[in-house]
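Observations on the model geometry
Given next are the chains, with one letter for each unit.
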Amino acid sequence: MNVITDNWDVWAEGLIGTLILFVAGGLLALILGIIVGAMRVSPIPVARSMGALYVNTIRNTPLTLVFFAFAFALPPLLGLRLTADVSLTLAVCALGIYTATYVAETIRSGINTVPVGQAEAARAIGLTFGQVMTLVVMPQAFRSVIPPMMSVFIALLKNTTVAAGFGVVNLGAARNYLSERGANQMLVIIWVMIIFVVLVLLLSWAQRALENKWRVAR
Amino acid sequence: MSSVLYDVPGPRAIVRNRILGVITVVVVGAVLGFFLWRLIDTGQFTAEKWQAFTYTNVWVQIGLATLRTLAAFAVAAIGALMLGFALAIGRMSDHAWIRVPVGAVVEFLRAVPVLVFMFLLYYGLPVIGIRMAPYWAVVIALIAYNGSVLAEVIRAGVESLPRGQKEAGYAIGLRKSGVMQLVLLPQAIRAMMPVIIAQLVVTLKDTALGFIITYPELLFYARFIGSQSELGSPIIPATMIVGAIYIGLCLILSFVANTVEKRLRRSSVGVRIAQAEQPTQEITDTELIVTQRGTGSGG
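What counts and what doesn't
- Residues numbered from 1 in each chain as written.
- Chains lettered and ligands numbered in written order.
- Predicted model: local features only at pLDDT ≥ 70, side-chain atom pairs only at ≥ 80, totals over all residues.
- Heavy atoms only, no water.
- pLDDT = per-residue confidence, 0-100.
- Helix = DSSP H or I, 4+ residues; strand = E, 2+ residues; numbered from the N terminus.
- Expected span 1.5 Å × (residues − 1).
- Buried < 20%, exposed > 50% of the residue type's maximum accessible area, 1.4 Å probe, protein only.
- Contact = heavy atoms within 4.5 Å.
- UniProt positions renumbered as here; feature names shortened; annotations may be inferred.
- Core = buried A, V, L, I, M, F, W, Y, C linked by side-chain atoms within 4.5 Å.
- Phe/Tyr/Trp six-rings, centres within 6.5 Å; stacked < 30°, edge-to-face > 60°.
- Salt bridge = Lys/Arg side-chain N within 4 Å of Asp/Glu carboxyl O.
- Buried area = accessible area lost by both parts, 1.4 Å probe.
- Polar contact = N/O pair within 3.5 Å; in protein donor to acceptor, adjacent residues only side chain to side chain.
- Nonpolar A, V, L, I, M, F, W, Y, C, P; charged D, E, K, R; others polar.
- Lys, Arg positive; Asp, Glu negative; His and termini not counted.
- Axes fitted to C-alpha atoms, helices over the stretch in contact; angles between N-to-C directions.
- Parallel < 35°, antiparallel > 145°, perpendicular 65-115°, else oblique.
- Left-handed = near helix turned anticlockwise from the far one by under 90°.

Our focus in this paragraph is the confidence of the model for chain B. Looking at chain B, pLDDT values average 85 and 89% of them are 70 or higher. What the predictor reports for the complex is a pTM of 0.87 with an ipTM of 0.89.

Attention now goes to helix 6 (residues 134–159) of chain B. The terminal C-alpha atoms of helix 6 of chain B, which comprises 26 residues, lie 38 Å apart, in line with the 38 Å expected from a rise of 1.5 Å per residue. Among the 26 residues in helix 6 of chain B, 21 count as buried, and that is most of the element.

Taking 1.5 Å as the rise per residue, helix 4 (residues 96–111) of chain B with 16 residues should run 22 Å; its terminal C-alpha atoms sit 22 Å apart, in good agreement. Here helix 4 of chain B has its buried residues at V102, G103, V106, L109 and A111 of chain B. Its buried side turned inward, helix 4 of chain B meets helix 7 (129–159) and helix 9 (185–213) of chain A together with helix 3 (56–91), helix 5 (114–124) and helix 6 of chain B.

In this section: the side chain of T99 of chain A. All names here are of chain A. Within the element layout of this structure, T99 appears in helix 5 (residues 84–112). Under the relative-accessibility criterion, T99 is labelled buried at 3%. Excluding anything up to four places from it in sequence, T99 contacts A29, V152 and L156.

Residues and elements named next belong to chain A. According to UniProt, the positions carrying the feature "transmembrane region" (unreviewed entry) are residues 15–39, 51–74, 86–104, 124–142, 148–174 and 186–206. Helix makes up 100% of residues 86–104 and strand 0%, whereas the separation of the span's terminal C-alpha atoms amounts to 27 Å. Between the end C-alpha atoms of residues 186–206 the distance is 30 Å, and the span holds 100% helix and 0% strand.

Turning next to the UniProt feature "domain: ABC transmembrane type-1" (unreviewed entry) in chain B. The positions UniProt marks with the feature "domain: ABC transmembrane type-1" (unreviewed entry) are residues 66–257 of chain B. Structurally, residues 66–257 of chain B is divided into 79% helix and 0% strand, and its ends, taken at the C-alpha atoms, are 22 Å apart.

What follows deals with the nonpolar core. Among the nonpolar cores identified, the biggest contains 114 residues, and W11, F67 and F166 of chain A are the most heavily contacted of them. By residue number, the principal contributor to this core is helix 7 of chain A, which donates 13 residues. Within the second largest apolar cluster, 15 residues are counted, among which are A88, I154, M180 and L184 of chain B.

Right, let's talk about the packing of aromatic side chains for a bit. Enumeration over the complete set of coordinates arrives at 16 aromatic pairs over all chains. Pairing F22 of chain A with F153 of chain A gives two aromatic rings, centres 6.4 Å apart and planes at 85 degrees, and the pair type is edge-to-face. Taken together, the positions of F22 of chain A in helix 2 (residues 8–40) and F153 of chain A in helix 7 put the pair 131 residues apart, joining distant regions of the chain. You can call F22 of chain A buried: its relative accessible area is 17%. By relative accessible area, F153 of chain A is classed as buried at 15%. Ring geometry for F68 of chain A versus F211 of chain B: centroids 5.5 Å apart, planes at 75 degrees, classification edge-to-face.

Further remarks concern unusual backbone geometry. Negative phi characterises most residues that are not glycine, and trans characterises most peptide bonds. All names here are of chain B. With a phi close to 60 degrees, T214 is a non-glycine residue in the positive phi region. Structurally, the position occupied by T214 is in the loop between helix 8 (176–206) and helix 9 (218–226). Residue T214 is classed as partly exposed on the basis of its relative accessible area, which comes to 35%.

To continue, consider the pattern of salt bridges. A full pass over the atoms with the stated rule returns eleven salt bridges over all chains. Because the salt bridges share partners, they merge into one network encompassing R91, E107, R110, E152, R155 and E159 of chain B.

Looking now at the UniProt feature "transmembrane region" (unreviewed entry) in chain B. Residue and element names in this part refer to chain B. Here, UniProt's "transmembrane region" (unreviewed entry) annotation points to residues 20–40, 60–88, 100–123, 135–154, 195–215 and 235–257. Taken end to end, residues 60–88 is 100% helix and 0% strand, and its two terminal C-alpha atoms sit 41 Å from one another. Taken end to end, residues 100–123 is 92% helix and 0% strand, and its two terminal C-alpha atoms sit 30 Å from one another.

Now for the interface of chain B and chain A. Each partner contributes to the interface: chain B provides 58 residues, whereas chain A provides 57 residues. Across the chain B/chain A interface, buried area totals approximately 5,000 Å², and carbon plus sulfur atoms make up 75% of it. Of all residues in chain B, the largest losses of buried area upon contact with chain A belong to V4, L5 and K205 of chain B, amounting jointly to 15% of the total for that side. Our count for the chain B to chain A interface comes out at seven residue pairs in polar contact (both at pLDDT 80 or more). Listed by contribution, the elements that provide at least two residues to the side of chain B that touches chain A are helix 1 (11–41), helix 4, helix 5, helix 8, helix 9 and helix 10 (235–266) of chain B. Residue contributions to the side of chain B that touches chain A peak at ten residues, all from helix 1 of chain B. Of the residues that constitute the side of chain B that touches chain A, the class distribution is 38 nonpolar, 15 polar and five charged.

Time to look at the side chain of K49 of chain B. With respect to the helices, strands and loops of the structure, K49 of chain B is situated in helix 2 (residues 47–50). Look at K49 of chain B: it is buried, it has no salt bridge, and the nearest opposite charge is E48 of chain B at 6.0 Å.

In the numbering adopted here, UniProt assigns the feature "domain: ABC transmembrane type-1" (unreviewed entry) to residues 15–207 of chain A. In the segment residues 15–207 of chain A, helix accounts for 81% and strand for 0%; the C-alpha atoms at its two ends are 22 Å apart.

Moving on: the packing of helix 4 of chain B against helix 6 of chain B. All names here are of chain B. Following both chains from N to C, one finds helix 4 and helix 6 inclined at 125 degrees, their axes separated by 8 Å at the closest point. Here helix 6 runs oblique to helix 4, going by the angle between their axes. Considering the relative orientation of helix 4 and helix 6, their crossing is left-handed. When helix 4 is examined against helix 6, the residues V106, E107, L109 and R110 are found in contact with a partner set consisting of A144, Y145, S148, V149 and E152.

Set out below in structure tokens:
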């Protein structure tokens, strides 16, 4: 316990760093993912193939490589000076761009679970495009998307630790800072593990609750 | 192609779709063009930046780094498969004193980030006098994480089988082990093959985490060669080359997963599983119109 109480500053900073990466990366992933997901289900062939190219390439790229490119290759390219804020922004971008592919796929498969007949029936009774979307398709797609989307965010939360390898302050990097203070590294890492298990259990509890609440009866 | 989102396009929608298509191409082209301009402007295509990659030795080192990546992947993949089976069988045990602890272990291993587990093995264990090479830290962490994920995949596969399979097995006088080995597991593995291979792609991707705990794999070498100032610090060319190798390896494995999935879908097991996953859809009028017009495309 001393490892935590003696070093409140490092743990608080690490937790805040992890939460910033998680929230900001998640927001970016949602925005990008919705755009790419919309491209993948759009009636425009060019947009469909661009979306597919993006998803297939990034999904087959290790996250570490995405971080590597953002941390080492991008700054010289764009002439950035690596301050702590710039590193954090780059890490958020790397996480967001990587996670966006999973968000896009989740949205696509969620929309695919809605039977085509639903939209056809809605058109047959004379609903407009806007009504078909907001009253019939989206409510069903949204509900079936939520549980897998939570899995994507659980993965994102665990992936924030990769930023520790690229000099961004977060829980994964706590070992780095505390080893300089001579703390017991093993205890530090075990505490980090416990914190992650708790955070992940919280998220998966929320996932299960939402799943039960919003199950679509078909 | 018919979709729940839009009807078969009429003349006005076709024109609108064309315009949106052009806009997409322009936006994507602008982003790519910007990066190409930055690459040229910062002199990334000069001979100086690429001279490192004219030496045979550099390529030998890249080859060796690729081999080290593959060596970690191969051992981790085999280990994860074996651990996955062991944990899956433990989780499906009839005895609560086996099932409950194994379930807790699986949940724990799945919740801990792989990188933190690598940290524990590489930086944490020396505290109690156990030292290991980065290679083993990478491999053991990958086995623990992917093994627990595969255990859940196999369990889900067994549970997705119709109840009658198990009951028929018991009815002809098999014990639990016989029902598992002869009836349930072969079908579950077959049905879950695409997911299992997809998880192996994740394992291959995660070997790149070894870079952070100084395992000399591909990214580690890219960092090394990219920081050599006498070679012009070619970090961007090195990232491009190493990135192409990583993405290529993962694409090959993903391609195998897709091929297996398609082959399974053609066979009987695959059809049933695919039907179980997606609500069955009869051919609708819209689809008929599309087929008659001959404008149908896959998607």
